[in-house]
Amino acid sequence: MEEVTYKVLDYTEAISKKSFQDIVKELDSEGVSIDKTTLPEEQLKVFMSIWFVYSFHYDAVESEQRPLFLKAVTDEKLPLLQISRKFCLYLFNNLEA
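Residues numbered from 1 in each chain as written. Predicted model: local features only at pLDDT ≥ 70, side-chain atom pairs only at ≥ 80, totals over all residues. Heavy atoms only, no water.

## With respect to the pattern of salt bridges
Phase 1: For the structure on display, the rule yields three salt bridges.
Phase 2: Where E41 meets K45, a salt bridge forms, and the shortest distance between an N and an O atom there is 3.7 Å. With a gap of four residues between them, E41 and K45 both fall in helix α2 (residues 41-56), about one helical turn apart.
Phase 3: Under the relative-accessibility criterion, K45 is labelled buried at 14%.
Phase 4: A salt bridge links D75 to K71; its shortest N-O distance comes to 2.9 Å. (Salt bridge = Lys/Arg side-chain N within 4 Å of Asp/Glu carboxyl O. Helix = DSSP H or I, 4+ residues; strand = E, 2+ residues; numbered from the N terminus. Buried < 20%, exposed > 50% of the residue type's maximum accessible area, 1.4 Å probe, protein only.)

## A few points about the environment of L70
Phase 1: Counting through the fold element by element, L70 comes out in helix α3 (residues 66-74).
Phase 2: On the basis of relative accessible area, L70 is assigned to the partly exposed category, the value being 24%.
Phase 3: Distance from L70 to W51, taken between C-alpha atoms, is 8.8 Å for residues 19 residues apart in sequence.
Phase 4: Excluding residues within four positions of it along the chain, L70 makes contact with W51 and Y54. (Contact = heavy atoms within 4.5 Å.)

Structure representation (structure tokens):
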């Protein structure tokens, strides 16, 4: 039988406090074109964590409510969703280790 090894996630690594809204505002204030934008690694992780949370709950939200739900996720209005967002960020931190 093949041996299976598991890696325990390290939750001691700090996560950036910058919100998705702050990233968007920062990019908007710089007049950055979306066509030529590349995100720094930290911002890309935040962006991907937002999409992770949104896609994780996508089927549970009615189609008419999805734009409102996306806004709630990006504005961090639903504290319960922060659990899966933080998990995603920790996962990204641990993938780099």
